[in-house]
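Understanding the architecture of this molecule
In case you want the letters, here they are:
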Amino acid sequence: MKWRINVSATSSTALRRAMALRGSLPTVSDVDTAAGVSTYDVPPWGSASSGGVRDRAGGHVARVDSPNDPVFFLHHCNVDRVWSRRQARWGFGTAQHLPGGGVADVVDVDEALRPFGVAVAATLDHRGACTYG
């Protein structure tokens, strides 16, 4: 069965999946390792960073039309759950969420997220809106 794509950045009209591009999906151990890292990000604040959790959390959906796939939403719900688990261990504040400010081409914890106009720091504690069991 072909899942039809109506909005795409490419000429593709049907969903194609390659969910294990790195060789396998993240294991429980991969998730536990990522959750065990206390610092969110470290210099050089990009994909070359390896000391923080940001680039260890288990990949991403690579195409801009990925929201056409229902699995996209399940994936992001689980990412949110894993993030919440990490926060419960390391805290919901800004201390581990570096950089704190003044880094070019990086949305710092005190900067507003576009187009929402809300600082990253204001989004870190989700417990008033949702919880995970």
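Residues numbered from 1 in each chain as written. Predicted model: local features only at pLDDT ≥ 70, side-chain atom pairs only at ≥ 80, totals over all residues. Heavy atoms only, no water.

1. A closer look at the packing of aromatic side chains
Operational definition: Think of it this way: a Phe, Tyr or Trp ring, Trp meaning its six-membered ring, pairs with another when their centres are within 6.5 Å, and the plane angle makes it stacked under 30 degrees, edge-to-face over 60, tilted otherwise. Whether a charge sits over a ring depends on NZ of Lys or CZ of Arg being within 6 Å of the ring centre and within 35 degrees of the ring normal.
According to the stated counting rule, one finds 0 aromatic pairs in the structure shown. Across the ring face of F92, the terminal group of R127 is positioned such that the distance to the ring centre comes to 3.8 Å.

2. Some remarks on unusual backbone geometry
Definition in use: Strands are runs of DSSP state E lasting at least two residues, helices are runs of H or I lasting at least four, and both sets are numbered from the N terminus onward.
Look at the link from R114 to P115: it is a cis peptide, with omega at -5°. Looking at the element boundaries, P115 is found in the loop between strand 1 (112–113) and strand 2 (118–119). A positive phi angle is found at D105, which is not glycine, with a value near 65°. Here D105 shows up in the loop between helix 2 (70–90) and strand 1.

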